[in-house]
Amino acid sequence: MSAPSSPHTSPLQVGAAGLPSESGSGGRMALAAVLLGLFTIMVDALIVNVALPSIGRGFGSGMTGLQWVVDGYTLTFAAFLLSAGAISDRVGARQAFAGGLALFVAASAACGMAPSLGVLVAARLVQGVGAAMVVPSSLALLREIFPDPAARARAIALWGVSGSAGSAAGPVAGGLLTTVDWRMIFFVNLPVGVVALVLLKRAQSSSRRAVPFDRTGQVTAVAALGGLTYAAIEAGAEGFGAARVLIALTVAVVAAVVYLVAQARGRYPMTPLPLLRSRTMSLSVAIGFALNVGFYGMIFLLGLYLQQVHGLSALATGVAFLPMAVLTSFMGPVAARLTTRFGARIPVIAGQCLMAGGLLAMVTVPAGAPVWLSVVLMVPVGAGGAMAVTALTALLLENVPAERAGVAAGVLNAARQLGGALAVAAFGALVADRAGFVSGLHTSLLIAAATVAASAVATALLEPARPAPARTLP
């Protein structure tokens, strides 16, 4: 995973000036919109977890129904990421970002006003589609509005900080807002989203690619990712041998085969196979998957642990995640300095090692240990993940053609979401027995640590080939 040869175009070089200024006020406004929009999307991925008991009391629902308040968002978010990346490349990054964010804001309002659990779950499904449009288009937009590599590097570093801070802040915000009313966790998205859309109006419209949509690819990509994510979600509750899980896995496999055939034979494939076969892309996918197994798995497990074993309230649980959320926000500049000095590969490996070490240390924590010890050990997990994701994202964008930035970002983030979904499913099954919760917790953390450690070893041993010169693709 070598960095570009020139130190002045390092993927994560961050200047002291803060927001990049090379592309003018319109570029700065668009960057601010991207950061606000991405932060909101990533917060929402985890903000609901600590509010589930309050939502259940409000609707008189058990945990079986409440599970889909979280999983519905995860399902459509993961299922539409790859398709959304391809759409972004064709309709234009700015237009895709604005459309996705507007859909997300409208769905947030519907969530906050939901009169029943069914309506809430339906609105969460729509939220996930909007979020899927925002994430890949945000990266494609940054590559577009900051053509200078150094300016783009600073923008991507800030993008990484925003996303990581949003993920870490989700449980904190959920705990705080739930003390007022659980509906506030959705209504808070409205003013932030509107401000981001207003800022985005200062950016120029993105150019469109006048090529036909790969309808077969679009449909089969959603079916494959959706089927696999649904299987992971249901396996956590029903087991991997359940009929609905096996049916979903079959759908996913068949759809994936059809998708690959369509990409190989289609005249206008949404994801050209040379892009998928590149070592940079394949290794990035593996790393992204492993990082979310570690991070989302830890958030899920510690949220349950602090409430079920230590008896903390939703607010206290959210506050316990605050040190990690605060310190994580500083990792973008740290990753930037490391990349400038040592190349992008070093912060990717260092971040994974830091995360794996933190997860492994959590395995040694006994059930009776004080809460502060778990709070401290969360920090290297969150900080390491933020360092690795920021460097990994920048490196990937530097190694794909500009016209494929959206779909490359979609592939990476789809892998990350699948990693998180599979982690929650597998770890949820391991901690389902309340009597054996601590044993299941330690086993889950050990699996997460091993997954991230294996990814770190692969990163160190399997250096990708140098990027091919950019060329125009259909």
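Anyway, here's the lowdown on the structure attached to this text. All residue numbers refer to positions counted from 1 along the written sequence of the respective chain. A pLDDT threshold of at least 70 governs which residues receive local features in this predicted model, and a stricter bar of 80 or more applies before side-chain atom pairs are shown or counted, although totals over entire chains, interfaces and linings include all residues. Calculated side-chain values reflect all of the structure's heavy atoms, with hydrogen atoms and water omitted.

Another aspect to go through is the pattern of salt bridges. A pair is scored as a salt bridge if a Lys or Arg side-chain nitrogen falls within 4 Å of a carboxyl oxygen belonging to Asp or Glu. Within the structure shown, the criterion is met by one salt bridge. When the shortest N-O distance is used, the salt bridge between Asp-44 and Arg-124 registers 2.8 Å. Residue Asp-44 is found in helix 1 (residues 24–46), and its partner Arg-124 is found in helix 5 (residues 117–145); the two are separated by 80 residues along the sequence. Neither Asp-44 nor Arg-124 differs from the other in exposure class; each is buried. By the criteria applied, helices consist of DSSP H or I runs no shorter than four residues and strands consist of E runs no shorter than two, each listed in order from the N terminus. Residue exposure (1.4 Å probe, protein chains only): buried if accessible area is under 20% of the type maximum, exposed if over 50%, otherwise partly exposed.

With respect to the element layout, Gly-226 can be found in helix 9 (residues 215–238). Note on Gly-226: relative accessible area 13%, which makes it buried. We call two residues in contact when some of their heavy atoms are within 4.5 Å. Once you skip the residues sitting within four places of it in the chain, Gly-226 turns out to touch Leu-75 and Ala-79.

Turning next to the layout of surface pockets. For cavity detection a 1 Å grid was placed over the protein atoms alone, and a set of points counts as a cavity when a 1.4 Å probe fits there but cannot get out; an open set counts as a pocket when protein lies on both sides within 12 Å along at least five of seven lines, with lining residues being those that have an atom within 4 Å of a point. Grid points are joined across faces, edges and corners, and a volume is the space filled by probe spheres set on the points. A volume near 430 Å³ is recorded for the second largest pocket. In terms of lining, the second largest pocket is formed by 22 residues, of which the most central are Leu-82, Leu-225, Ala-256, Tyr-259 and Leu-418. Those elements that place two or more of their residues in the lining of the second largest pocket are helix 9, helix 10 (243–265), helix 12 (279–308) and helix 18 (405–430). The biggest single contributor to the lining of the second largest pocket is helix 18, with six residues. Charged means Asp, Glu, Lys or Arg here, nonpolar means Ala, Val, Leu, Ile, Met, Phe, Trp, Tyr, Cys or Pro, and polar covers whatever is left, Gly included. Classifying every residue of the lining of the second largest pocket gives 19 nonpolar, three polar and no charged.

This paragraph deals with the environment of Ser-313. Along the polypeptide, Ser-313 turns up in the loop between helix 12 and helix 13 (314–320). Taking the relative accessible area as the measure of exposure, Ser-313 reaches 41% and is therefore partly exposed. Remark: the alpha-carbon pair of Ser-313 and Gly-175, spanning 138 residues in sequence, is separated by 8.3 Å.

End to end, helix 10 covers 33 Å across 23 residues, agreeing with the expected 33 Å (1.5 Å per residue, within 8%). Along helix 10, the positions that sit buried rather than exposed are Val-245, Ala-248, Ala-252, Ala-255, Tyr-259, Ala-262 and Gln-263. An expected span of 1.5 Å times one less than the residue number is assigned to each helix.

At a closest axis distance of 10 Å, the pairing of helix 12 and helix 17 (residues 371–398) adopts a crossing angle of 160 degrees. Judged by the angle between their axes, helix 12 and helix 17 are roughly antiparallel. Crossing geometry of helix 12 relative to helix 17 is assigned as left-handed. Judged by residue contacts, Thr-280, Met-281, Ser-284, Ile-287, Gly-288, Leu-291, Gly-294, Phe-295, Met-298, Leu-302, Tyr-305 and Leu-306 of helix 12 engage Val-371, Ser-374, Met-378, Val-381, Gly-382, Gly-385, Ala-388, Val-389, Leu-392 and Leu-396 from helix 17. Each residue belonging to the contact of helix 12 with helix 17 can be placed in one class, and the counts come to 15 nonpolar, seven polar and no charged. Orientation is described by lines fitted to C-alpha atoms, with helices fitted over the stretch in contact, and by angles between N-to-C directions that extend from 0 to 180 degrees. Angles below 35 degrees are treated as roughly parallel, those above 145 as roughly antiparallel, those between 65 and 115 as roughly perpendicular, and all remaining angles as oblique. Each crossing gets its handedness from the near helix: less than a right angle anticlockwise from the far helix is left-handed, clockwise is right-handed.

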